[in-house]
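Here are the chains, one letter per residue:
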Amino acid sequence: MYSEKVMDHFRNPRNMGEIPDADGMGTVGNPVCGDMMNIYIKVEDNRIVDIKFKTFGCGAAIATSSMVTELAKGKTLDEAMKLTRSDVADSLDGLPPVKMHCSNLAADGLHEAIKDYRKKREAEK
Ligand code: FES
């Protein structure tokens, strides 16, 4: 039922963990199932230079978190803001329909982390 790519990212998640001195952090919860995800980013010159995630969720949530970190790493903040839920699902060669909601967490978590970073920058000015 899962694609090879989903299984690969679920078994070997990329960029899993925390960034203690992160420049931005996004926390999102999935209202459908109650799962939770944190995304941490390091930013230099408006670009995501490092990104990690911590997810308490199902296999699809872990695979999508892992994929979103790969998609976002090296992108500018504006580019990363444009990554959508379907970009994440498509990069994993799709998700079973009942698991599509799991990809919401990853894209939303990334966007929240960027918003958090921007808010902090504003506050420093
Ligand atoms: Fe909760 Fe997938 S079932 S995120």
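Note: the structure precedes this text.
Quick notes on the rules
- Residues numbered from 1 in each chain as written.
- Predicted model: local features only at pLDDT ≥ 70, side-chain atom pairs only at ≥ 80, totals over all residues.
- Heavy atoms only, no water.
- Pairing = 2+ DSSP bridges.
- Helix = DSSP H or I, 4+ residues; strand = E, 2+ residues; numbered from the N terminus.
- Core = buried A, V, L, I, M, F, W, Y, C linked by side-chain atoms within 4.5 Å.
- Buried < 20%, exposed > 50% of the residue type's maximum accessible area, 1.4 Å probe, protein only.
- Contact = heavy atoms within 4.5 Å.
- Polar contact = N/O pair within 3.5 Å; in protein donor to acceptor, adjacent residues only side chain to side chain.
- Salt bridge = Lys/Arg side-chain N within 4 Å of Asp/Glu carboxyl O.

Colleague: Sorry if this is basic, but what is going on with the pairing of strand E3 (residues 47-56) here?
Modeller: Two strands pair when backbone bridges link them, and strand E2 (residues 36-44) and E3 are joined in this way by nine bridges, in the antiparallel orientation. The partner of Lys42 across the bridge, within E3, is Asp50. If you look at the hairpin formed by E2 and E3, you'll find two residues sitting between the two strands, and Asp45 has a positive phi there, around 45°.

Colleague: Explain the nonpolar core here, please?
Modeller: Soluble globular proteins: nonpolar side chains tend toward being buried together. Ile39, Ile41, Ile48, Ile51, Val88, Leu110 and Ile114 are the most contacted members of the largest nonpolar core, which has 33 residues in total. Only E2, E3, helix H2 (59-72), helix H3 (77-81), helix H4 (85-91) and helix H5 (102-124) provide two or more residues apiece to this core. For Ile48, the residues in contact, after removing those within four places along its chain, are Ile41, Lys42, Ala72, Lys73, Gly74, Lys75, Leu77, Ala80, Leu110 and Ile114.

Colleague: Looking at this model, I keep getting lost on the side chain of Asn30. Mind explaining?
Modeller: Note on placement: Asn30 falls in the loop between strand E1 (24-29) and E2. A distance of 2.9 Å separates a polar side-chain atom of Asn30 from the backbone nitrogen of Val32. Among residues more than four places away in sequence, those in contact with Asn30 are Asp35, His101, Cys102 and Leu105.

Colleague: Help me understand the pattern of salt bridges in this model?
Modeller: Close approach of charged atoms lets side chains of opposite charge pair. Applying the stated rule across the entire model yields 10 salt bridges. A salt bridge links Asp23 to Lys42; the shortest N-O distance between them is 3.8 Å. Residue Asp23 is found in the loop between helix H1 (4-11) and E1, and its partner Lys42 is found in strand E2; the two are separated by 19 residues along the sequence. Exposure remark for Asp23: the relative accessible area of 22% places this residue in the partly exposed category. Of the residues examined, Lys42 reaches a relative accessible area of 23% and is grouped as partly exposed. Here the residues in one salt-bridge network are Asp21, Asp23 and Lys42, joined through shared partners.

These results come straight from atomic positions and should not be treated as a statement about function.
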